Amino acid sequence: MNRVGYGAMQLAGPNVWGLPEDPESSCQVLRLAVEQGVTFFDTANAYGPRTVNQLIGRALRPLPEGVIIGNKVGAERGSDGSWIVDGHPDTVRRQVHEALADLGTEASELTYLRLVGDTPGAHSDVPMEESLGVLVELREQGLIRRIGLSGASPQMLARAQQMTPIAAVQNRFNLLDRSGVQVLADCEAQGILFVPYFPLASGRLSGHHALTGPAKRLGATSAQVALAWLLRRSPSTVVIPGTNNPDHLRSNVAASGVAENLTDVEVARLTGLVDESKASLDQPTPAAQSDR
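Procedures and definitions
Residues numbered from 1 in each chain as written. Predicted model: local features only at pLDDT ≥ 70, side-chain atom pairs only at ≥ 80, totals over all residues. Heavy atoms only, no water. Helix = DSSP H or I, 4+ residues; strand = E, 2+ residues; numbered from the N terminus. Buried < 20%, exposed > 50% of the residue type's maximum accessible area, 1.4 Å probe, protein only. Contact = heavy atoms within 4.5 Å. Arc of directions from axis to C-beta. Salt bridge = Lys/Arg side-chain N within 4 Å of Asp/Glu carboxyl O. 1 Å grid on protein atoms, 1.4 Å probe; cavity = no way out; pocket = protein on both sides within 12 Å on 5 of 7 lines; lining within 4 Å. Points joined across faces, edges and corners; volume = space filled by probe spheres on them. Nonpolar A, V, L, I, M, F, W, Y, C, P; charged D, E, K, R; others polar. Pairing = 2+ DSSP bridges. Axes fitted to C-alpha atoms, helices over the stretch in contact; angles between N-to-C directions.

Undergrad: What is the right way to read the side chain of Thr91 from this model?
TA: Inspection of the secondary structure assignment puts Thr91 in helix α3 (residues 89–103). Note on Thr91: relative accessible area 8%, which makes it buried. Filtering out sequence-adjacent residues up to four positions away, Thr91 remains in contact with Glu76 and Asp86.

Undergrad: What exactly am I supposed to notice about helix α7 (residues 209–218) here?
TA: For an α-helix the count is 3.6 residues per turn, leaving residues at separations of three or four pointing the same way. Along α7, the residues that are buried comprise Ala210, Leu211, Pro214 and Ala215. Considered in projection along α7, the buried side chains sweep an arc of 115 degrees and stay on one side of the axis. Turned more than 90 degrees from where α7 packs its buried face, His209 and Lys216 sit exposed. As for α7, its buried residues are in contact with α8 (222–233) and α11 (264–271). Phi turns positive one or two residues past the end of α7, at Gly219, with a value near 65 degrees.

Undergrad: Looking at this structure, I do not really get the pattern of salt bridges. What am I missing?
TA: Should the charged atoms of two oppositely charged side chains come close, the side chains can pair. Taken as a whole, this structure holds 19 salt bridges when the rule is applied. Here Glu24 ties to Arg58 by a salt bridge, and the two come within 3.2 Å at their closest N and O atoms. Of this pair, Glu24 sits in helix α1 (residues 23–35) while Arg58 sits in helix α2 (residues 51–60), and the two are 34 residues apart along the sequence. Exposure remark for Glu24: the relative accessible area of 31% places this residue in the partly exposed category. Taking the relative accessible area as the measure of exposure, Arg58 reaches 46% and is therefore partly exposed. Between Asp118 and Arg172 there is a salt bridge, and its shortest N-O distance comes to 3.8 Å. Remark: Arg172 occurs in the loop between β8 (168–170) and α6 (181–190) and Asp118 occurs in the loop between β6 (110–114) and α4 (128–140); sequence separation between them is 54 residues.

Undergrad: I keep staring at the layout of surface pockets and nothing clicks. Help me out?
TA: Over the atoms a probe the size of a water molecule is rolled, and this reveals where empty space is left. Within this model, the largest pocket holds a volume of roughly 390 Å³. As for the largest pocket, its lining consists of 21 residues, and the residues nearest its centre are Gln10, Leu200, Pro241, Gly242 and Thr243. Take the lining of the largest pocket: its biggest share by element is three residues, from helix α9 (residues 246–253). A per-class count over the lining of the largest pocket returns nine nonpolar, eleven polar and one charged.

Undergrad: Please clarify how the sheet that holds strand β9 (residues 193–194) should be interpreted in this entry.
TA: Sheet strands line up and pair through hydrogen bonds in the backbone, either parallel or antiparallel. Read from one edge of the open sheet, seven strands run β1-β2-β3-β6-β7-β8-β9, paired in parallel fashion. Looking at strand neighbours, the two that pair on one side only are β1 (6–7) and β9, the edges of this open sheet. Sheet topology places strand β7 (residues 147–150) next to β8; three bridges connect them, and they run parallel. By the bridge assignment for β8, Ser150 is matched with Gln170. Helix-sheet contacts for α3 involve β3 (68–73) and β6, and the interaxial angle to β3 is about 145 degrees.

Structure follows, in structure tokens:
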């Protein structure tokens, strides 16, 4: 798997709602991603809602061999565009079937269950085991091949593993926000993919002073260095930067080459910007407002 993937949230219309102004342009970006060697795409029923999955299906159907779509279920959108975690078994089951129809595939290579473990103050009235049980049932039916978690606490990951193997976990993690560090450590120790969302800290890394030195030395952008640091921070990490700009897409994919050329000193300096020993899920990035 190419460890630089593609996050599809930005393919929706404004505020991740409806279709983009130019759907065909979005489809072209998706096809370009495949041409650039991207093999992992991240999406969710809640993006649009459903419009992003429909665009992916329109652009990539039938899915090229080796391409994996990681789709999140267990979150809905309110009529006002709000993000609502909804792990009710009926919702989870319905969304899996909707995603298969929208993506145009008979089985999901990876379906994440959206949880509230990385959202301080949030709670769910539905026990995780009930929601997860639906995904296990659908996997037994052949509709899902791998199960993942999104927004999991270390405790949630451990509970989930009592029911089923977990292939991937998607939590907040970037150069400024290390709140998912314990989950990352658990994934690293257990051979689970760790997929950080908001890998570029919602645009707040542009021109960050710690990135300018390595960027200048390597002839790279600050965003490329930030993505490269994530790739070097852990071999378990797969990054999913999102864009609807072809040039930005090419630049993001090229971050893997930047990662190879970062020095150990530069990686250590960037890691040391935050005291990870004090990081916790109770300290989110202020800009983290969506369900991602």
